[in-house]
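Spelled out from the first residue to the last, the chains are:
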Amino acid sequence: MVAPFAHFSYTAMMSDTVTITIESGPRIKARAGVLLSDAIHDAIIEAIHDVPDLPTPCGGAGTCGQCRVEILDGSCPPSSRCEQLFSPADLAAGARLACRVHVESDLLVRLPRDTGALAIATESIHRALANYTDLHAGLVAGVDVGTTTLAAELVDAATQTTLAVVSRANPQRRFGDDVVSRLAAALDGEFPAITQTIQQAIDEMIDELTAAANRSREEISHIALCGNSAMNHLLCGWDVASLATLPFDPSHPNAATLRAGDLSLRGDAEVYIAANIGGYIGGDITAGLLATSLTTHAKAMFIDVGTNGEIVICNNGTLFAASAAAGACPRRCAHFLRHPSHLRRD
C-alpha cells in the first residue's frame, strides 16, 4: 500500500537560501546545496511542527532506500546511488534518495508522511517468552550484551537476591562503534574474531561475578543473554547476511537454548538467548517485555535508550514497537551530566 504523502515546495529567497513551504504547514529556510534529508531533519530538530519524519536508518549512507522521495517539480539530478537503486521509469517519475540529493534550486518534493511502526502480534511475544522457565534454585547469571556496554548480574534464584554486578565496555568496538560497522566487518571476514571477542568478554565477566560473590562457577545452572538482533547474532555466530541487507530480517528470530560450551563459555550451564522479534527489535527488548510484564497493563510504554533506541507501546494487550539509532547521544549526555563544565555555551 502506498503511504500518504506530504507536499513540500521550495522557493529560493536568496541565492544561497531556499524556503521549504509545507502544504498547510510552516515555512522552512535551508541553505542552497544542503542535502534534502538534512534540511528536513534540521527542521524537525528545530521543533518546526507538522514536519513529517524522514526515515534514514542507515544514517544517510544511501544503503537502506527508506528516505525515498519524489521530485514533482524543479531540477534535481539523480546521484549515482539513485541510478543504482531506482529503475529508469522511477527516476523519470522523480524518485530520489533524500540523503543523496542536494537542494540546488526551487523544488516541489513529495515526502512519505508515515512509514509506520513495526506492529508486533501479541501472540508472537507470548510464543517467544514461552521459551523461558521460572527458576527457583541455584545461581543464575544474566548478561545484557549492549552495543557499547556489557552488564552482568549474578542472582540467587531461590531468594531472588542480587549477589554481584559487573560491567565493562564492549570489546567489539574495535570492529566499529555501531552495529552496521560490525556487520560489515563480519561479512568482510572478521566474523570469527568478532564472535570470539564477545564470548571471551562474557566468560571473563562471569568469573568476575563469582569472585565478587565468593561463589563457585559450578553453582551457576543457567545463563540468560540478551542483546539487540545484531549483537545476538554476532555472539552466537549466526548468519548476519540477512541483517545487513533489505529487509533486515534476523536469521534466528526465535529464542534459543544452548549449553555454555556452545558459546565457548566454561561450565555446563544452560544458556538462554532472548528472541529477536525483528531486525531492529531484538532480544534486549524481549527481555524487557518479560521483566516488566508489559502486556498485563492496559496502557503502558517501554523505552530502551541505548546506542540503539527502542520504544514499545502496549494498548490493551497489543504491542507496537519502533526503533531508531541513538548513536553516541546517551553516552555524551551521561558525560555532560557528570561534567557540566564541558558543555559549550556558545
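What you see is a predicted model, and the numbers here were worked out from it, not measured in a lab.

A. Layout of the overall build of the protein. The number of helices and strands found in the protein is 9 helices and 16 strands. Among the 346 residues that make up the protein, the fraction classed as buried is 42%. Counting only contacts in the protein whose residues sit at least 6 apart along the sequence, the fraction spanning at least 24 positions is 54%. Only carbon and sulfur atoms are counted for the fraction: they give 53% of the accessible area of the protein, which is about 17500 Å².

B. Highlighting the pattern of salt bridges. Summed over the entire model, instances satisfying the criterion amount to 11 salt bridges. Taking the shortest distance from any N to any O, the salt bridge between Glu208 and Arg168 comes out at 2.6 Å. One end of the pair, Glu208, is in helix H5 (residues 179-213); the other, Arg168, is in strand S10 (residues 161-169), with 40 residues separating them in the sequence. Take Glu208: its relative accessible area is 32%, and that puts it in the partly exposed class. We note a salt bridge from Arg259 to Asp268, for which the minimum N-O separation is 3.4 Å. Taken together, the shared-partner salt bridges in this structure form one network comprising Asp203, Asp207, Arg217 and Arg266.

C. Expanded view of the sheet that holds S10. The mixed open sheet is built from 6 strands, whose spatial order is S10-S9-S8-S11-S13-S12. If you trace the sheet from one side to the other, it starts and ends with S10 and strand S12 (256-259), each paired once. Strand-to-strand, the axes of this sheet are offset by a mean angle of 20°, without reference to chain direction. Pairing analysis gives 8 bridges linking strand S9 (residues 149-156) to S10, with the strands arranged antiparallel. When the bridges of S10 are listed, Thr149 appears paired with Ala169. Of the strands in this sheet, strand S8 (139-145), strand S11 (220-227), S12 and strand S13 (270-273) are in contact with helix H6 (residues 229-236), which crosses S11 at around 130°.

D. Region of interest: the side chain of Gln199. Position of Gln199 among the secondary structure elements: in helix H5. By relative accessible area, which is 9% here, Gln199 ends up buried. Looking at Gln199, its side chain comes within polar contact range of the side chain of Ser264, at 3.3 Å.

E. Structural context of the pairing of S9. The alternating pattern of S9 places Leu150, Ala152, Leu154 and Asp156 on a buried face and Thr149, Ala151, Glu153 and Val155 on a face that is not buried. In this sheet, S9 lies alongside S8 in antiparallel orientation, the contact comprising 7 bridges. Within S9, the residue paired with Gly142 across the bridge is Glu153. Between S8 and S9, which pair antiparallel one after the other, the connecting turn spans 3 residues. The hairpin turn running from S9 into S10, its antiparallel successor, is 4 residues long, and Gln160 in that turn takes a positive phi close to 60°.

F. Main features of the environment of Thr197. Its place among the elements puts Thr197 in helix H5. Distance in space between the C-alpha atoms of Thr197 and Leu235 is 8.8 Å, their sequence separation being 38 residues. Not counting the four nearest positions on each side in its chain, Thr197 is found in contact with Pro171, Gln172, Arg174 and Phe175. Of the polar contacts made by the side chain of Thr197, one reaches the backbone oxygen of Ala193; its length is 2.7 Å.

G. Quick look at a nonpolar patch on the surface. A cluster of nonpolar side chains, Met301, Ile303, Val305, Ile311, Ile313 and Phe320, forms an exposed patch at the surface whose accessible area comes to about 540 Å². Position of Phe320 relative to the elements: it lies in strand S16 (residues 318-325). Judged by relative accessible area, which is 35%, Phe320 ranks as partly exposed.

Calculation rules
Residues numbered from 1 in each chain as written. Predicted model: local features only at pLDDT ≥ 70, side-chain atom pairs only at ≥ 80, totals over all residues. Heavy atoms only, no water. Helix = DSSP H or I, 4+ residues; strand = E, 2+ residues; numbered from the N terminus. Buried < 20%, exposed > 50% of the residue type's maximum accessible area, 1.4 Å probe, protein only. Contact = heavy atoms within 4.5 Å. Areas by Shrake-Rupley, 256 points an atom, 1.4 Å probe, with all protein chains shown as cover. Salt bridge = Lys/Arg side-chain N within 4 Å of Asp/Glu carboxyl O. Pairing = 2+ DSSP bridges. Axes fitted to C-alpha atoms, helices over the stretch in contact; angles between N-to-C directions. Polar contact = N/O pair within 3.5 Å; in protein donor to acceptor, adjacent residues only side chain to side chain. Patch = residues over 30% accessible without salt bridge, like charges linked within 9 Å, V, L, I, M, F, W, Y side chains within 5 Å.

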